[in-house]
Amino acid sequence: MKTVESKKPTREIKVVSRVLAVNERMAEQNRRRFAEKGVFVINVMSSPGSGKTTTLQKTLERLMPGVKAAVIVGDVATTHDADRLAVTGAPVVQVNTDAFGGDCHLAAHVIEKAADDIDLDAIELLIVENVGNLVCPAEFDIGEDARVVVLSVTEGEDKPVKYPTMFRTCDAAILNKIDLLPHLDYDKDQAVAYIRQVNPAIPVFEISARTGAGMDAWVVWLRDRIKAKTLKPKTENR
C-alpha cells in the first residue's frame, strides 16, 4: 500500500481509504464472478512458518478427487509452496509479489488476474494461500467466502491479541503443530482463550498437519461450507 507524505494527516488517511475502497469494489466483482461459477473461495492466512502450506497440502489430499479444487499461492518470491501443492494434482497459480514491490498481501485485483488462469467451470473450491503475514492480508477483501487463520504452537500464545484484526475477521482458526506440545513450554489453553477473547464465536481446530491429528474435523467443516454455498448454473468465461 502506498501512502503520500504530507504535513496534513487527513490527506494520508484519504489516500489509504481510497486504496481500500478500490479494492472493495474489485472484491465484490470477484465475489459475483465466483458465485456465478459456483466456486467456494477460501482465503488462508498466517505468519511465516505456521505450517500453512503443509496444512493445505494435507487438506487437498483429503478433499480430492471428490471435491475439484484449485489454488492461488501468494509469496514474495520463489515457487516452493506452489510446487508442494501441485503434487496433489490441483491446478496451482503462483503469484510473486516481488514483481510489483514485494507486497505483503494479495489484493483483489491480483486475485482477478490469477483466476483468469484457472478454469472456474471445472472446480468447486478455490483456495488462496495468502502471503505469510498477520497484518496486511487481514485488511484486504479478495472476494472470498470464508477466511481462515493458521497459528502454530511454535508461535506466542498472545498472537491473537497482538494481531486482533486478523483473528476478528476470520471465520475459523487452526492451531497447528500440536504434536510438538510435549516438547514446548506453550500454554495451548491460553492461546485458544486469546482467540476467543478476540472472536468469541470462531471455531478453533487443533491439528497436526504432519501427523494428521485433528484434520478430520477441519475437513468436515470446510466440506460442509463448500456444499452449503448456493450453486448457480456455470456460465461461459467472459
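Attention in this report is confined to the structure presented alongside it. (Residues numbered from 1 in each chain as written. Predicted model: local features only at pLDDT ≥ 70, side-chain atom pairs only at ≥ 80, totals over all residues. Heavy atoms only, no water.)

A word on the state of the cysteines
As used here, a disulfide is simply a covalent bond connecting the sulfur atoms of two cysteines. Just so we agree on the cut-off: Note on disulfides: each one is a pair of cysteine sulfur atoms within 2.5 Å. Helix and strand assignments come from DSSP, with helices taken as H or I runs of at least 4 residues and strands as E runs of at least 2, each series counted from the N terminus. For every residue, the accessible area obtained with a 1.4 Å probe (protein chains only) is divided by the maximum for its type, and the residue is called buried under 20%, exposed over 50%, and partly exposed between those limits.
Counting across every chain of the model gives 1 disulfide. There is a disulfide in this structure between Cys104 and Cys136, and the S-S distance comes to 2.2 Å. Handedness of the Cys104-Cys136 disulfide follows from its S-S torsion of about -75°: it is left-handed. Placement of Cys104 in the loop between strand 3 (92–96) and helix 4 (108–115) and of Cys136 in helix 5 (residues 136–139) is noted, with a sequence separation of 32 residues between them. Look at Cys136 and you get partly exposed, because its relative accessible area is 22%.

Considering the side chain of Glu129
Where we set the bar: Contacts described as polar in this section are N or O atom pairs within 3.5 Å, which, within protein, must combine one atom able to donate a hydrogen with one able to accept it, while residues neighboring in sequence count only if both atoms come from side chains. The criterion used for residue contact is that any of the two residues' heavy atoms lie within 4.5 Å.
As for its placement among the helices and strands, Glu129 is situated in strand 4 (residues 125–129). A polar side-chain atom of Glu129 sits 2.5 Å from a polar atom in the side chain of Thr53. Setting aside anything within four residues of it in sequence, one finds Glu129 in contact with Val44, Lys52, Thr53, Leu56, Ile72, Val73, Gly74, Asp81, Leu85 and Leu106.

Comments concerning the environment of Gly74
Tracing the sequence through the fold places Gly74 in strand 2 (residues 69–75). On the accessibility criterion, Gly74 (3% relative accessible area) is buried. Taking C-alpha positions, Gly74 is 6.3 Å from Gln94, a pair spaced 20 residues apart along the chain. Ignoring any residue separated from it by four or fewer positions in sequence, one finds Gly74 in contact with Gln94, Val95, Leu106, Glu129, Asn130 and Val131.

Looking at the sheet that holds strand 4
Two modes of strand pairing occur in sheets, parallel and antiparallel, and in both the strands are linked by backbone hydrogen bonds. Note the threshold: Note on pairing: two strands pair once DSSP finds at least 2 bridges between them. Axes here mean lines fitted to C-alpha atoms, for a helix over just the part in contact, with angles spanning 0 to 180 degrees between N-to-C directions.
Reading across from one edge, 3-2-4-1-5-6-7 is the order of the 7 strands in this open sheet, with parallel pairing throughout. The open sheet has two free edges, formed respectively by strand 3 and strand 7 (204–206), since each of these has just one partner strand. Here the average twist between neighbouring strands, direction ignored, is 20°. Relative to strand 5 (residues 146–152), strand 1 (residues 40–46) is paired through 5 bridges, and the arrangement is parallel. Bridge pairing in strand 5 links Val44 to Val148. Lying over the sheet, helix 8 (residues 188–198) contacts strand 5, strand 6 (172–176) and strand 7, oriented at roughly 160° with respect to strand 7. Against the sheet, helix 9 (residues 215–228) makes contact with strand 1, strand 4, strand 5, strand 6 and strand 7, and its axis sits at roughly 145° relative to strand 1, the strand it touches most.

Description of the nonpolar core
Counted only if it meets this: As used in this record, nonpolar core signifies buried Ala, Val, Leu, Ile, Met, Phe, Trp, Tyr and Cys residues forming a set joined through side-chain atoms within 4.5 Å.
Within the largest apolar cluster, 29 residues are counted, with the highest numbers of intra-cluster contacts made by Ile42, Leu125, Ile127, Trp218 and Leu222. Of all the secondary structure elements, the ones that give two or more residues to this core are strand 1, helix 2 (52–63), strand 2, helix 3 (80–86), strand 4, strand 5, strand 6 and helix 9. Leaving out residues up to four positions away in the same chain, Leu125 has contacts with Val39, Phe40, Ile42, Leu63, Val67, Lys68, Ala69, Ala70 and Ile226. Counting residues in hydrophobic clusters, the runner-up holds 19 residues, among them Val95, Leu106, Val110 and Ala115.

Quick word on helix 9
As a reminder of what qualifies: A helix is expected to span 1.5 Å for every residue after the first. As used here, the arc belongs to the directions running from the helix axis to the C-beta atoms.
Over its 14 residues, helix 9 runs 20 Å from end to end, which matches the ideal 20 Å to within 8%, given 1.5 Å per residue. Along helix 9, the positions that sit buried rather than exposed are Met215, Trp218, Val219, Trp221, Leu222 and Ile226. One face of helix 9 carries all of its buried residues, which in axial projection span an arc of 155°. In helix 9, the exposed residues that point more than 90 degrees away from the buried face are Asp216, Lys227 and Ala228. As for helix 9, its buried residues are in contact with strand 1, helix 2, strand 4, strand 5, strand 6 and strand 7.

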